[in-house]
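Coordinate inspection notes
Residue-level listing of the chains:
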Amino acid sequence: MSTSLEEHIKQLKNRLSGGRDLLRDIRETGSIETLPIKGVEPDKRQLTLVPPSPDDPFFLATDEKDPESRRWLQSQGAVLIDDLLTKQDRREFGWPILVTDVKGVLEQAVLRQSYHFNGHALSSGAGGAVNLRAGSLWKGSRYQDFASRLGMSICRTCHMQRH
C-alpha cells in the first residue's frame, strides 16, 4: 500500500495505463478471457468500446475526507462520487446519501459498470466491486437499484454519463 496520496495516485495511474493496454488488446483481438468461474460471463461491451486515453479522467472510490486532498485528487484527473451526484440525486435520496456507507455502495455500483477496474486486495469496497462485476451480487440488489435510480451508465473508465 502507498505511503502517501501522491505515491498512491502514481501507482494507480501506472495500473490504469496497463489496463488501457489490456483493453486495447481485447478490442483488437476480439477475444475476452475470464477465469473459469461457474456462471461468470465476460462483458461483451469491452469488444466495442474505445479504450480510454492517457489524459482522460478516471473514477476514484475513496474514503479520503480532507477537502484539500480531495481537490488535489481531482486536479490529478480523479472523478469522485460527489462529482457524479446531482442536486436532484441528493433530493431524491435524502439524508441517507450523506452516510459514507451509502456512498460506498454507490461507488461499488459505478465500479461494477466501469470499463476497467483496479482495486486493492485489502479493500472490502474493491471486493464488493469484484463480486458485482462477476454478477454474483448485482441482479435484483440494492446496488442495481441505486445505479438505476441514479440513471448511471459507465461507458468506459473515463467517460461517465448520466441518462
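The structure under discussion appears in the preceding block.
Here's a quick rundown of the structure. (Residues numbered from 1 in each chain as written. Predicted model: local features only at pLDDT ≥ 70, side-chain atom pairs only at ≥ 80, totals over all residues. Heavy atoms only, no water.)

Thoughts on helix α2 (residues 67-75)
The following threshold applies: The buried label goes to any residue with under 20% of its type's maximum accessible area, the exposed label to any with over 50%, and the partly exposed label to all in between, with areas taken from a 1.4 Å probe on protein chains only. Secondary structure elements follow DSSP: runs of H or I no shorter than four residues count as helices, runs of E no shorter than two count as strands, and numbering proceeds from the N terminus. Of all possible arcs, the one meant is that of the directions from the helix axis to the C-beta atoms. Any two residues whose heavy atoms approach within 4.5 Å are treated as being in contact.
Those residues of α2 lying buried are Ser 69, Arg 70 and Leu 73. Taken down its axis, α2 places every buried residue within 100 degrees of arc, on the same side. Pointing more than 90 degrees away from the buried face of α2 are the exposed residues Glu 68, Arg 71 and Ser 75. In this structure, the buried residues of α2 make contact with α1 (5-29), β2 (78-79) and α3 (81-84).

What to know about the layout of surface pockets
To keep it simple, the criterion reads: A 1.4 Å probe that fits into a set of points on a 1 Å grid over the protein atoms alone but cannot get out defines a cavity; an open set with protein on both sides within 12 Å along at least five of seven lines defines a pocket, and lining residues are those with an atom within 4 Å of a point. Grid points are joined across faces, edges and corners, and a volume is the space filled by probe spheres set on the points.
What the largest pocket holds in volume is close to 1,200 Å³. As for the largest pocket, its lining consists of 42 residues, and the residues nearest its centre are Leu 60, Ala 61, Thr 62, Asp 63 and Ser 123. Ranked by residue count, the leading element in the lining of the largest pocket is helix α5 (residues 100-113), at eight residues. Of the pockets and cavities examined, the second largest pocket occupies roughly 830 Å³.

Some words on the pattern of salt bridges
Put simply, the rule reads: Just to be clear on terms, a salt bridge is a Lys or Arg side-chain nitrogen sitting within 4 Å of an Asp or Glu carboxyl oxygen.
In this structure the tally under the stated criterion is four salt bridges. We note a salt bridge from Arg 70 to Asp 82, for which the minimum N-O separation is 3.0 Å. Taken together, the positions of Arg 70 in helix α2 and Asp 82 in helix α3 put the pair 12 residues apart, joining distant regions of the chain. Taking the relative accessible area as the measure of exposure, Arg 70 reaches 17% and is therefore buried. Classification of Asp 82 by relative accessible area gives partly exposed; the value is 25%. Between Asp 82 and Arg 90 there is a salt bridge whose closest N-O contact spans 3.8 Å. Accessibility expressed as a relative area gives 30% for Arg 90, which makes it partly exposed. Salt bridges sharing partners connect three or more residues here, namely Arg 70, Asp 82, Arg 90 and Lys 103.

Overview of α1
Our working definition: Given a helix with a known number of residues, its expected span is that number minus one, times 1.5 Å.
Here α1 contains 25 residues, and its C-alpha end-to-end distance of 36 Å stays within 8% of the 36 Å for a straight helix at 1.5 Å per residue. Here the buried face of α1 lies against β1 (58-59) and α2. Phi turns positive one or two residues past the end of α1, at Gly 30, with a value near 70 degrees.

Details of the packing of α1 against α2
Put simply, the rule reads: Lines fitted to the C-alpha atoms define the axes, with helices restricted to the stretch that makes contact. Angles between their N-to-C directions range from 0 to 180 degrees. In these notes the angle categories are as follows: under 35 degrees is roughly parallel, over 145 is roughly antiparallel, 65 to 115 is roughly perpendicular, and the rest is oblique. Here a crossing is taken to be left-handed if its near helix is turned anticlockwise relative to the far helix by less than a right angle, and right-handed if that turn runs clockwise.
Contact geometry of α1 with α2 gives a least axis separation of 11 Å together with a crossing angle of 25 degrees. The orientation of α1 relative to α2 falls into the category roughly parallel. You can see that α1 and α2 cross each other, and the crossing is right-handed. Note on element contacts: α2 touches α1 through Ser 69, Trp 72 and Leu 73, opposite Leu 5, Glu 6 and Ile 9.

Looking at the packing of α5 against helix α6 (residues 124-133)
Formally: The nonpolar class holds Ala, Val, Leu, Ile, Met, Phe, Trp, Tyr, Cys and Pro. Asp, Glu, Lys and Arg form the charged class, and all remaining residues, Gly among them, are polar.
For the pair α5 and α6, the least separation of the axes is 8 Å and the interaxial angle reads 45 degrees. Relative to α6, α5 is oriented oblique. By crossing handedness, the relation of α5 to α6 is classed as right-handed. Contacts between α5 and α6 involve Gln 108, Ala 109, Leu 111 and Arg 112 from the first element and Ser 124, Gly 125, Gly 128, Ala 129, Leu 132 and Arg 133 from the second. For the contact of α5 with α6, the per-class residue count stands at four nonpolar, four polar and two charged.

The quantities given are spatial measurements derived from coordinates; they are silent on function.
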